[in-house]
Amino acid sequence: MAQLFRPGANSIAVIVIVALFAGPAAAIAFAYFLWNSPYATDQNLTRAQPVPFSHLHHVGELGLDCRMCHTGVEKAAFAGIPSTHICMTCHSQIWTNAQMLAPVRASYASGKPLHWQRVNRVPDYVFFDHSIHVAKGIGCNVCHGPVQKMALMRQAEPLTMGWCLECHRHPEKYIRPKDDVFDMYWHQPFDQLEVGAKLIRQYLIHTDHLTDCSTCHR
Amino acid sequence: MPSLKPPSGLDRRVALKLLAAGMASAMARCSRPDEEIIPYADMPEGLVAGEPMRFATTLSLAGYGRGFLGISIDGRPIKIEGNPNHPFSLGATDIFAEAGVMSLYDPDRSKAIRRGDTISTWGAFSSAWRHATHAQDGQGLALVTGRVVSPTTLARIGALKNRYPQSRWYRYEPVHDDAARAGARQAFGKVVTALPNWADADVVVALDANPLGHGPDELRIARAYAARRGKAAKRQRIHVAESIWSLTGAAADVRVAVTPAHLVEIARAIANACGAHLGTPELPDFAKAFADRAGQELLAARGRALVLAGDSQPAEVHALFHWTNAQLRAPVSYLPSQDIVENDHAYELCALANDLHAGRIQTLIVADANPVYDAPDSLRIAEGIATVPFSAHIGLYRDETAHGCRWHLPMSHALESWGDERALDGTASIVQPLIQRLYATRTRDDYLAWLANEDVTKAYDLVRKTWQRGAPEAVEASWRKALNDGVIANTAATPLSLPVDRVSDFPGMSRPRGMSAVISPDPSVWDGRYANNAWLQECSKPFTKQVWGNAVQIAPGDAQRLGIEDEDTVDVTIDGKTITAPAVLMPGQADGTIGLHWGQGRLEAGRIGSNIGVRVCGVGARPFARVINGAALQKSASTVPFRSTQAHTRLQGKMEQLFQIATPSEIARTSPKKENRAPSLLPVPPKGDYAWAMVVDTDACIGCNACVVACQAENNVPVVGPEEISQGRDMHWLRVDSYMRPHGYTERRGFQPVPCMHCEYAPCEPVCPVEASVHDHEGLNVQVYNRCIGTRFCEANCPYKVRRFNWFDYSGEQAYADEGVALKAQHNPDVSARGRGVMEKCNYCLQRISRARKTAEKENRKIAEGEMVTACQAACPTRAIHFGDLNRADSDVSNLRKAAQHYTLLEELNTRPRTTYLKRIFNSDENG
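Residues numbered from 1 in each chain as written. Chains lettered and ligands numbered in written order. Predicted model: local features only at pLDDT ≥ 70, side-chain atom pairs only at ≥ 80, totals over all residues.

Caption draft 1: Just the overall build of chain B, in detail. Tallying secondary structure elements over chain B gives 28 helices and 37 strands in all. For chain B, whose C-alpha radius of gyration is 29 Å, the value lies close to the compact-globule estimate of 30 Å for 928 residues. By principal-axis analysis of the C-alpha atoms, chain B measures approximately 90 × 75 × 70 Å. Within chain B, the fraction of its 928 residues that count as buried is 55%. (Helix = DSSP H or I, 4+ residues; strand = E, 2+ residues; numbered from the N terminus. Rg over C-alpha atoms; globule rule 2.2 N^0.38 Å. Buried ≥ 20, exposed ≤ 12 C-beta atoms within 10 Å, placed from the backbone.)

Pasting the structure below:
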């Protein structure tokens with residue numbers, strides 16, 4: 001009787017046995033990677049907007065302050081998308097005939113608001129508040145990235161819970177003086193950890209509460 | 001995609017294609033739907049998106065206005081809170097006010113003009129009105145309303161009278177005060193409003209009066225009641241004699257239960273004690289002892305003593321008590337009545353019925369009243385209305401009367417209307433809209449102005465016209481001030497000085513045959529106008545804890561005699577009409593009385609309120625009689641389910657520990673109990689900057705349920721519906737338990753609001769397999785909804801039974817689809833809407849703590865004492881709920897936890913709850 005298994009069968013058996021363990025592990029690792037990849041988090045995604053508004057131009061080139069348009073950022077959870085009237089403060093004077101701004105003028109004339117596509121988004125069960133972050137020395141670009149370089153707005157960070165917690169666990173790595181919160185060109189000092197720890201005390205930040213579930217979920 | 005109809009055309013190729021497409025789509029990423037941000041085109045000044053704004057407005061109850069603050073987020077009213085400026089709110093709310101937002105968004109509200117069953121137009125209505133057959137001078141034109149004290153509405157009615165001089169206005173309010181009106185006429189020769197200054201009384205004797213029960217004066221009295229419960233003031237003594245349980249009876253220090261006939265005799269005895277000579281009262285010994293003692297105490301406290309007669313008492317008792325109060329120099333303010341109609345309410349309704357049947361009415365306008373439902377059957381109102389050639393109904397809902405009328409005009413809700421109201425003492429306030437009207441509706445004033453052919457028919461202009469007072473430049477400023485404050489300055493009436501120097505005739509009451517039915521408005525749905533409000537239907541009644549229905553309350557003695565057991569269905573026969581409803585045995589109710597509630601048994605209330613319970617207002621000859629003698633009671637052949645909530649969490653044999661009572665002398669003797677600091681196997685809870693705690697004063701709690709509905713509104717607590725309640729499920733984060741302890745001739749009753757205890761050693765936490773139930777650093781035991789997988793271990797392990805499980809998608813309307821989508825607009829955007837399969841519970845209004853913390857931290861300070869107020873605390877008319885920070889040694893809660901009357905529920909379990917209680921104190925050491 002001929003041999004049932006040829007010599008190559010040994011190799012196959014080894015591969016199968018290894019794959020039995022490595023396969024699921026690899027699948028989980030892949031799923032975990034995929035879950036946190038920009039593919040799933042929408043990181044770096046730009047969306048089609050009714051008007052191709054450029055932060056590069058308005059912030060980077062003209063140097064407008066964030067609060068000029070995002071009026072709620074120091075007062076409320078929601079930073080606020082400017083009303084058409086705010087756009088028209090300037091654009092009733094400059095670029096009054098630009099084709100690009102036709103939807104803004106139409107909205108101004110009709111009183112019907114512009115429909116913007118949300119770029120930075122956390123799930124509904126997360127209660128994020130802009131005002132407290134801004135008040136406690138977390139700069140805009142910590143979460144929103146180098147806005148002054150973005151011709152079209154994109155989501156700069158993954159905005160996953162793990163990413164949030166990185167800062168909530170170690171705020172000293174990210175905190176900056178309140179005066180520099182809206183400074184898009186601020187750079188961390190070489191002794192950030194020491195300065196950060198000092199600022200945490202100065203701003204009366206209760207670090208133990210930062211990682212409570214109830215801080216963001218309710 | 002081919003349709004998924006029977007596989008006649010589905011061959012092998014198509015099947016494989018579909019299979020492949022399915023696999024491919026399963027592998028494709030499930031992307032989140034895109035979300036839009038829609039800013040304002042022109043943002044209103046001062047508005048911050050997502051931040052709550054408060055507007056002063058007015059809601060009315062029984063025609064009288066009470067000022068409240070409406071909270072609006074992004075233009076949507078989501079919550080009602082009390083207005084501290086308004087003398088009849090004083091910062092508190094009641095269930096009807098809290099549920100106002102629910103009524104606003106009620107999907108069953110009337111949205112269109114109707115002619116019969118078909119939707120019609122304003123043009124069709126106005127042409128029909130022009131062809132209506134009443135005479136030019138208004139002969140044959142009738143207007144029916146509830147009680148109207150609003151200056152703007154009265155001006156409209158005046159204008160209608162001017163335009164049609166021969167027209168007739170019938171005003172009646174189902175929950176009326178006819179007896180008090182008649183009593184005042186006997187005593188003073190005219191109708192006046194008597195407002196007790198409760199806080200100034202050391203001794204109060206109430207005869208079937210229920211000032212702490214729902215009504216336009218409840219909040220003012222409750223505040224004063226609470227002020228006298230504090231340790232600073234000399235304690236008040238409250239004596240109550242009544243037939244069936246009322247909230248005032250439960251709050252009393254001494255209470256007896258007697259039949260209505262005996263109540264009159266007690267009045268006689270008390271008046272005799274104060275110097276009247278009205279003959280010897282016929283009373284059983286215990287009632288005589290009560291009357292003697294009450295009389296003595298009243299006399300001893302002359303100048304600070306008060307007697308009150310309830311709406312069920314005959315006019316003679318009211319008149320006699322006016323005299324008695326005069327003898328006692330009682331703290332009562334007599335004010336001119338705001339209700340300007342001379343005739344009594346029941347008389348007006350009977351006059352309407354007579355005129356309808358006599359054919360004297362050709363054109364009938366019913367504005368915000370529902371006589372087809374609430375008038376007794378003997379008046380045959382529906383038949384009468386059917387004979388009228390032109391009839392129109394103006395109302396929030398297409399109710400029974402709307403169905404009886406030829407036309408129906410939809411009315412705007414108060415929260416979307418301009419208008420004005422007066423309170424009991426005449427204080428005027430503006431009804432300010434919080435939202436643009438949701439449907440094509442108009443206000444009552446709009447309609448009436450149009451019918452009267454006035455020049456101005458816009459509600460806003462009408463109100464402005466009413467308050468156009470003073471110099472032109474001051475008008476705008478005073479208008480803005482009135483809107484901001486929620487009261488119009490200097491509009492309260494000046495008290496009258498009315499001497500009563502003679503005792504009116506006082507006939508004895510004939511001993512009734514049969515049993516006495518004692519009828520009062522429903523504690524949840526009032527006279528039936530709130531029947532379609534799901535929050536109120538599911539708000540359990542104070543004593544019976546019944547929801548979604550009404551019951552017959554009977555004394556245990558009668559029950560034993562007639563072989564009736566608790567929750568049996570019984571037939572009550574009154575004047576040949578039979579009411580079939582479940583019976584509830586009420587220890588402490590007078591033998592020979594039957595307690596009934598108006599307000600249920602609506603046929604056309606809407607999808608929520610129709611066909612719930614039984615209609616009581618149809619019986620009897622006199623409209624809205626509070627006492628009907630000659631009732632018969634027997635066990636019924638049919639079965640009506642009794643739905644209640646307290647049995648869900650009953651714990652046997654623990655009553656004395658759970659609801660602790662004491663007398664002032666006992667409190668003075670006891671020293672504060674040391675806090676239990678026994679070791680525990682559970683992990684030590686984390687410590688943080690704040691340690692939130694709540695102390696509930698069961699001594700102040702009157703069981704009004706305002707906290708329950710406030711919590712529901714604030715925290716998006718869904719309604720589960722009658723079927724789910726029958727399964728033992730409900731969702732209230734805060735329940736009010738009703739306790740009863742035998743005592744002498746009667747029972748002592750009390751209420752205990754039970755939210756989550758926020759145990760420091762929380763039994764719910766170690767059993768959660770996914771750590772969805774965890775502690776935070778401020779001592780809150782929080783539930784993380786997005787982690788919860790619904791094992792319900794925590795619920796099983798919670799000794800206080802405060803956890804609630806979403807068996808179905810209650811908030812998403814899966815189980816309770818009748819609620820409709822409009823209701824979603826009511827949801828508080830600061831609170832998650834919980835999905836199916838998730839556990840939830842009280843979180844001490846975490847969203848409010850979070851807001852207070854952020855406000856404080858932005859200003860680099862700590863949250864101040866009293867800055868953080870929970871929704872239940874804000875609503876409470878007696879300030880029974882205290883909330884604050886235990887880390888602060890001088891905080892309210894820290895002090896209360898050291899008080900002698902402080903205790904903890906189930907302390908032996910060593911759970912160390914953060915929610916603790918103060919004992920109920922009865923200011924009486926003797927029996928009875």
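We are not done yet, so read on.
Caption draft 2: Fine view of the overall build of chain A. Counting secondary structure elements, chain A contains twelve helices and one strand. Secondary structure elements in chain A, listed N-terminal to C-terminal, are α-α-α-α-α-α-β-α-α-α-α-α-α. Since a compact globule built from 218 residues should have a radius of gyration of about 17 Å, the 25 Å found for chain A marks it as more spread out than a globular shape. Along the first, second and third principal axes, the C-alpha atoms of chain A reach 95 × 50 × 35 Å. Across the 218 residues of chain A, 19% fall into the buried class. Partitioning the intrachain contacts of chain A with sequence separation of at least 6 by distance along the chain shows that 71% fall at a separation of at least 24. (Contact = placed C-beta atoms within 7 Å.)

Caption draft 3: Focus on the nonpolar core. One finds B:Leu207, B:Ile266, B:Ala267 and B:Ile270 to be the most contacted residues of the largest nonpolar core, which totals 260 residues. Formed by seven residues, the second largest nonpolar core is a distinct cluster that contains A:Val134, A:Ala135, A:Cys140 and A:Val181. (Core = buried A, V, L, I, M, F, W, Y, C linked by C-beta atoms within 7 Å.)

Caption draft 4: Quick peek at the environment of A:Lys112. Here A:Lys112 is to be found in the loop between α6 (102–110) and β1 (116–117). Considering only alpha carbons, one finds A:Lys112 and A:Gln49, 63 residues apart in sequence, at a separation of 16 Å. Leaving out residues up to four positions away in the same chain, A:Lys112 has contacts with A:Ser107 and B:Ala41.

Caption draft 5: Expanded view of the interface of chain A and chain B. Listed as interface residues are 39 residues of chain A and, on the opposing side, 38 residues of chain B. Elements with a minimum of two residues in the side of chain A that touches chain B: α2 (38–41), α5 (84–91), α6, β1, α7 (130–135), α11 (207–210) and α12 (213–216) of chain A. Sort the elements by how many residues they give to the side of chain A that touches chain B and α7(A) lands first, with three residues. For the side of chain A that touches chain B, a count of residues per class yields 17 nonpolar, 14 polar and eight charged. Pairing of β1(A) with strand β1 (residues 36–37) of chain B involves two bridges; the strand directions are antiparallel. Residue pairing for β1(B): A:Gln117 is matched across the bridge by B:Glu36. (Nonpolar A, V, L, I, M, F, W, Y, C, P; charged D, E, K, R; others polar. Pairing = 2+ DSSP bridges.)

Caption draft 6: Looking closely at the packing of helix α6 (residues 178–188) of chain B against helix α11 (residues 315–328) of chain B. Residues and elements named next belong to chain B. Where α6 contacts α11, the axes come no closer than 7 Å and their chain directions differ by 50 degrees. By the criterion of interaxial angle, the relationship of α6 to α11 is oblique. For the pair α6 and α11, the sense of crossing is right-handed. Along its contact with α6, which presents Ala179, Ala180, Ala182, Gly183, Ala184, Gln186 and Ala187, the element α11 presents Ala315, His318, Ala319, His322 and Trp323. Tallied by class, residues from the contact of α6 with α11 come to eight nonpolar, four polar and no charged. (Axes fitted to C-alpha atoms, helices over the stretch in contact; angles between N-to-C directions. Parallel < 35°, antiparallel > 145°, perpendicular 65-115°, else oblique. Left-handed = near helix turned anticlockwise from the far one by under 90°.)

Caption draft 7: Structural view of α6(A). Residue and element names in this part refer to chain A. Those residues of α6 lying buried are Val104, Ser107 and Tyr108. Down the axis of α6, the sector holding all buried residues measures 100 degrees, keeping them to one side. In α6, those exposed residues whose orientation departs by more than 90 degrees from the buried face are Ala102, Ala109 and Ser110. Two residues or fewer past α6, Gly111 is found with a positive phi of approximately 80 degrees. (Arc of directions from axis to C-beta.)

Caption draft 8: Region of interest: α11(B). Between its first and last C-alpha atoms α11(B) spans 20 Å; for 14 residues at 1.5 Å apiece the expected length is 20 Å, and the two agree. Of all 14 residues that make up α11(B), 13 are buried, and the element is covered over most of its length. (Expected span 1.5 Å × (residues − 1).)

Caption draft 9: The arrangement of the pairing of strand β8 (residues 168–171) of chain B in detail. Residues and elements named next belong to chain B. As judged from the four bridges shared by strand β7 (residues 141–145) and β8, these two strands associate in the parallel manner. When the sheet's bridge partners are listed, Leu143 is paired in β8 with Trp169. For the crossover from β7 across helix α5 (residues 151–163) to β8, the handedness is right-handed. (Right-handed = clockwise from strand over helix to strand, strands pointing away.)

Caption draft 10: How the structure looks around the environment of B:Ala668. All names here are of chain B. Structurally, the position occupied by Ala668 is in helix α22 (residues 664–669). What makes Ala668 exposed here is the crowd of 9 C-beta atoms within 10 Å. Sequence-wise, Ala668 and Asn453 are 215 residues apart; in three dimensions their C-alpha atoms are separated by 69 Å.

Caption draft 11: Region of the structure containing the packing of α5(A) against α6(A). Residues and elements named next belong to chain A. Across the interface, α5 lies against α6 with an axial gap of 10 Å and an inter-helix angle of 115 degrees. The chirality of how α5 crosses α6 is left-handed. Residue-level contacts link Thr84, Cys87, Met88 and His91 of α5 to Val104, Ser107 and Tyr108 of α6. In terms of residue class, the contact of α5 with α6 is built from four nonpolar, three polar and no charged.

Caption draft 12: Spatial organisation of the sheet that holds β7(B). Residue and element names in this part refer to chain B. Here seven strands make up an open sheet; going across it, the order is β6-β5-β17-β16-β15-β7-β8 and the pairing mixed. Unpaired on one side and paired on the other, β6 (118–119) and β8 mark the two borders of the sheet. As judged from the five bridges shared by β7 and strand β15 (residues 363–367), these two strands associate in the parallel manner. Note on β15: the bridge partner recorded for Leu141 is Thr363.

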